Amino acid sequence: MTDTTETTGTGDTRSPGQVAILGAGVMGETLLSGLLRAGRPAASLLVGEKRSERAAELHERYGVEVVPNRDAARKADTVVVVVKPQDMGDLLAEIAPDLRAGQLVVSLAAGITTSFIESHIPEGVAVVRVMPNTPALVDEGMAAISRGSHCDEGHLAEAESLLASTGRVVRVPEKQQDAVTAISGSGPAYIFFVVEAMIEAGVHLGLPRTTSTELVVQTVVGSAKLLRETGEHPTVLREQVTSPGGTTAAAVRQLEDHKVRAAFLTAMEAARDRSRALAEGSS
Ligand SMILES: NC(=O)c1ccc[n+]([C@@H]2O[C@H](COP(=O)([O-])OP(=O)(O)OC[C@H]3O[C@@H](n4cnc5c(N)ncnc54)[C@H](OP(=O)(O)O)[C@@H]3O)[C@@H](O)[C@H]2O)c1
């Protein structure tokens, strides 16, 4: 296995086969709309969705064919399973008779291992496990992909190409997926937590809530862009704002005194451990 940390940006133009998305909830619809925006023709996409009103809505909104799961699994080259982890066993049992060696199953379910999926489907079907995150909704997602045991470079490249339609993609060995879940999977929640805290602080300091929100959101967006576009280490960028004896130094001193850095480490260890426990429960 040759896992790398190479990252793929949006815009990969690898030629697509037929792709089925089974489970078009929040993440499934995000992927579906991203693939269409990235130029995949609606005719190359199939959706499996069990509720008929939801199926009609997706057909009307995106012009894609919505078919029973088993038909989708039979027709597609790549079958993307995007149901809740607790529904995965039932879905795999339903489609297993229609899967064949050479097809690719891509799972976006948190904590579901490739070995769990492989044990529910025919021998020789390739499996790729993905941990996406919600900024995929605005094409700024971060997805980490890991290969199962029957996966070749072409399968990994296809999974990468799918996920690149909603953001960036990195390849990791599967044993790192619990850490990925703790960092980028849950990561947006930590950032929103910090944003909430800063907005509240602005209100405490006497700013109108709308002004405080505008200041904080743009500061977060601008800081993220600065990190990405300069490629500088965050310490360098933080030091640029921190004059000796100045206002930022006074604030950072308080963050250090309150052990915020240590709290982040403990929080992410807890998320990693929870992810590991959930994965052990599923396999
Ligand atoms: N949302 C996130 O931030 C996020 C981040 C990382 C990973 N994920 C992963 O993405 C997966 C989906 O999450 P989600 O937030 O998109 O959940 P969701 O909104 O509940 O979507 C799941 C969809 O699957 C449908 N479904 C369930 N069983 C099905 C079946 N047998 N055949 C076809 N469709 C079926 C559900 O329909 P009903 O509503 O009718 O049951 C629902 O529309 C999860 O495994 C999660 O771990 C999500």
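Since we're looking at a predicted model, the values are computed, not measured.

Caption draft 1: Summary view of the overall build of the chain. Scanning the chain from N- to C-terminus turns up 12 helices and nine strands. Its C-alpha atoms give the chain principal-axis dimensions of roughly 70 × 40 × 30 Å. Expressed as a percentage of the 283 residues in the chain, the buried residues total 41%. Within the structure as shown, the chain displays about 15,100 Å² of accessible surface, and the carbon and sulfur contribution to it stands at 58%. A distance of 2 Å separates the average location of the 27 positive side-chain charges in the chain from that of its 36 negative side-chain charges.

Caption draft 2: Just the layout of surface pockets, in detail. When its volume is computed, the largest pocket comes out at roughly 3,000 Å³. The dominant element in the lining of the largest pocket, judged by the number of residues it contributes, is helix 9 (residues 209–230), at 11 residues. Taken together, the residues that form the lining of the largest pocket break down as 28 nonpolar, 13 polar and nine charged. The computed volume of the second largest pocket comes to approximately 980 Å³. Around the second largest pocket, the lining comprises 39 residues; the ones closest to its centre are Val82, Val83, Lys84, Pro85 and Ala109. For the lining of the second largest pocket, the secondary structure elements donating two or more residues are helix 1 (26–37), helix 4 (88–95), helix 7 (177–185) and helix 12 (260–282). Looking at which element gives the most residues to the lining of the second largest pocket, the answer is helix 12, with six residues. When grouped by side-chain class, the residues that make up the lining of the second largest pocket number 17 nonpolar, 13 polar and nine charged.

Caption draft 3: Up close: the pairing of strand 9 (residues 167–171). Among the five residues that make up strand 9, four are buried, leaving the element largely enclosed by the rest of the structure. Pairing geometry for strand 8 (residues 141–147) and strand 9, over five bridges, is parallel. Within strand 9, the residue paired with Ala144 across the bridge is Val170. The parallel pair strand 8 and strand 9 is bridged by helix 6 (residues 153–163), and the resulting crossover is right-handed.

Caption draft 4: View of the nonpolar core. If you look at the biggest cluster of nonpolar residues, it comprises 28 residues, and the most contacted ones within it are Ile21, Leu32, Val80, Val106, Val128 and Val130. At the level of elements, strand 2 (19–22), helix 1, strand 3 (45–48), helix 2 (52–62), strand 6 (104–107), strand 7 (126–131), strand 8 and helix 6 are the ones that each hand at least two residues to this core. The biggest single contributor to this core is helix 6, with four residues. Ignoring anything within four residues of it in the chain, the contact list for Ile21 reads Gly28, Leu31, Leu32, Leu35, Leu46, Val47, Gly48, Val80 and Val82. Counting residues in each nonpolar core, the second largest holds 22 residues, with Leu46, Met88, Ile121 and Val125 among its members.

Caption draft 5: Quick peek at the site of the ligand. By nearness alone, 22 residues border the ligand, and Met27, Arg51, Asn69, Val83 and Ala110 come closest of all. Within the contact set of the ligand, an oxygen atom lies 3.4 Å away from a side-chain nitrogen or oxygen of Glu49. Alone, the ligand offers 890 Å² of accessible surface; in the complex the protein occludes 80% of this. Counting atoms within 2 Å of the grid points, the majority share of the ligand lands in the second largest pocket.

Caption draft 6: The packing of helix 1 against helix 2, seen in detail. It is the contact of helix 1 with helix 2, at a shortest axis distance of 12 Å, that shows an interaxial angle of 20°. The angle between helix 1 and helix 2 falls in the class roughly parallel. Here helix 1 runs over helix 2; the crossing is right-handed. Along its contact with helix 1, which presents Glu29, Leu32, Ser33 and Leu36, the element helix 2 presents Arg54, Leu58, Arg61 and Tyr62. In the contact of helix 1 with helix 2, the residues fall into four nonpolar, one polar and three charged.

Caption draft 7: A look at the packing of helix 7 against helix 8 (residues 187–204). Interhelical geometry of helix 7 versus helix 8 gives an angle of 35° and a closest axis separation of 5 Å. Facing Ala182, Ile183, Ser184 and Gly185 of helix 7, the residues of helix 8 in contact are Gly187, Pro188 and Tyr190. Looking at side-chain class alone, the contact of helix 7 with helix 8 contains four nonpolar, three polar and no charged residues.

About the cut-offs
Residues numbered from 1 in each chain as written. Predicted model: local features only at pLDDT ≥ 70, side-chain atom pairs only at ≥ 80, totals over all residues. Heavy atoms only, no water. Helix = DSSP H or I, 4+ residues; strand = E, 2+ residues; numbered from the N terminus. Buried < 20%, exposed > 50% of the residue type's maximum accessible area, 1.4 Å probe, protein only. Areas by Shrake-Rupley, 256 points an atom, 1.4 Å probe, with all protein chains shown as cover. Lys, Arg positive; Asp, Glu negative; His and termini not counted. Charge placed at Lys NZ, Arg CZ, Asp CG, Glu CD. 1 Å grid on protein atoms, 1.4 Å probe; cavity = no way out; pocket = protein on both sides within 12 Å on 5 of 7 lines; lining within 4 Å. Points joined across faces, edges and corners; volume = space filled by probe spheres on them. Nonpolar A, V, L, I, M, F, W, Y, C, P; charged D, E, K, R; others polar. Pairing = 2+ DSSP bridges. Right-handed = clockwise from strand over helix to strand, strands pointing away. Core = buried A, V, L, I, M, F, W, Y, C linked by side-chain atoms within 4.5 Å. Contact = heavy atoms within 4.5 Å. Near = heavy atom within 4 Å. Polar contact = N/O pair within 3.5 Å; in protein donor to acceptor, adjacent residues only side chain to side chain. Sits in = over half its atoms within 2 Å of the grid points. Axes fitted to C-alpha atoms, helices over the stretch in contact; angles between N-to-C directions. Parallel < 35°, antiparallel > 145°, perpendicular 65-115°, else oblique. Left-handed = near helix turned anticlockwise from the far one by under 90°.

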